[in-house]
Amino acid sequence: NIGTSERVELAGRFGKIEQLRSGELVFGATTVTGTTDVVATGGISQSGPLALGATASLGAGHGAITLLDSANDFTGVVTLSTTGLAQLHDSNSLTLTGVVGSLAASAGSSLVSTVASTTGDARLTAAGDIIHDGASVAGTLVTDTAQKTTLSGHFGALNVTQSGELVFSSTT
């Protein structure tokens, strides 16, 4: 357990991270084989690849969550919480849930999102299938995949850049 209002830089290999509370959190090259639970009121970013081997909870208060390294690998469901912008990239499949101000997520394979974007837009880009399942997007939902896109939920507007197959299920 770590509790501080200061900046924390974290790198290395860990079994799990529980109740890390900080101002700003910067992940260096980090691997966590178990669960991850962090809240960083000054935002979450990275300076090296991040591998999370189980479920993860990432909270940033009003700060941004920016995890865009091309080698990132988030194996379990990632729960996001921020009133700001959350940006994530996974080199493989990515499954997201939670509530954010705005979202930009990309995956090297499939992408599943039940993230609600309370004030802004959501952009989902994947090399595999995209599933936007039941979440509300206040602004525009943008999807981009050459594979299958399945949409349900509420969104202010929709922009499907490309999709090999487009399926609507319970949308408003």
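Before any of the text, the structure's been laid out above.
## A short note on the overall build of the protein chain
Check the secondary structure of the protein chain and you find 0 helices and 17 strands. For the protein chain, whose C-alpha radius of gyration is 16 Å, the value lies close to the compact-globule estimate of 16 Å for 172 residues. When its C-alpha atoms are laid out on the principal axes, the protein chain stretches across 45 × 30 × 20 Å. Every one of the 172 residues in the protein chain was classed for burial, and the buried ones make up 43%. For the protein chain, long-range pairs separated by at least 24 residues make up 2% of all intrachain contacts whose partners lie at least 6 apart in sequence. For the protein chain, the centre of its 6 positive side-chain charges and the centre of its 13 negative side-chain charges are spaced 5 Å apart.

## Section: unusual backbone geometry
You will see that Gln 19, though not glycine, has its phi angle at about 50°, which is positive. Along the polypeptide, Gln 19 turns up in strand β3 (residues 17-32).

## A few points about the side chain of His 89
By the element assignment, His 89 lies in strand β10 (residues 85-90). His 89 has contacts with Leu 67, Leu 68, Asp 69, Ser 70, Asn 72, Phe 74, Ser 106, Ala 107 and Gly 108, leaving out every residue within four places of it along the chain.

## A word on the pattern of salt bridges
Inspection of the entire model under this criterion finds 5 salt bridges. The closest approach of N and O atoms between Arg 21 and Asp 37, which form a salt bridge, is 3.2 Å. Of the two residues, Arg 21 sits in strand β3 while Asp 37 sits in strand β4 (residues 36-46), which places them 16 residues apart along the sequence. Residue Asp 37 is classed as partly exposed on the basis of its relative accessible area, which comes to 23%. Asp 144 is paired through a salt bridge with Arg 123; the nearest N and O atoms lie 3.9 Å apart. Taken together, the positions of Asp 144 in strand β15 (residues 130-144) and Arg 123 in strand β14 (residues 122-126) put the pair 21 residues apart, joining distant regions of the chain. Judged by its relative accessible area of 14%, Asp 144 falls in the buried class. Arg 123 gets classed as partly exposed once you look at its relative accessible area, which sits at 37%. Taken together, the salt bridges that share partners define one network made up of Arg 7, Glu 9 and Glu 24.

## Structural notes on the side chain of Ser 152
Secondary-structure assignment places Ser 152 in strand β16 (residues 148-162). A polar atom in the side chain of Ser 152 sits 3.1 Å from the side chain of Asp 133.

What counts and what doesn't
- Residues numbered from 1 in each chain as written.
- Predicted model: local features only at pLDDT ≥ 70, side-chain atom pairs only at ≥ 80, totals over all residues.
- Heavy atoms only, no water.
- Helix = DSSP H or I, 4+ residues; strand = E, 2+ residues; numbered from the N terminus.
- Rg over C-alpha atoms; globule rule 2.2 N^0.38 Å.
- Buried < 20%, exposed > 50% of the residue type's maximum accessible area, 1.4 Å probe, protein only.
- Contact = heavy atoms within 4.5 Å.
- Lys, Arg positive; Asp, Glu negative; His and termini not counted.
- Charge placed at Lys NZ, Arg CZ, Asp CG, Glu CD.
- Salt bridge = Lys/Arg side-chain N within 4 Å of Asp/Glu carboxyl O.
- Polar contact = N/O pair within 3.5 Å; in protein donor to acceptor, adjacent residues only side chain to side chain.

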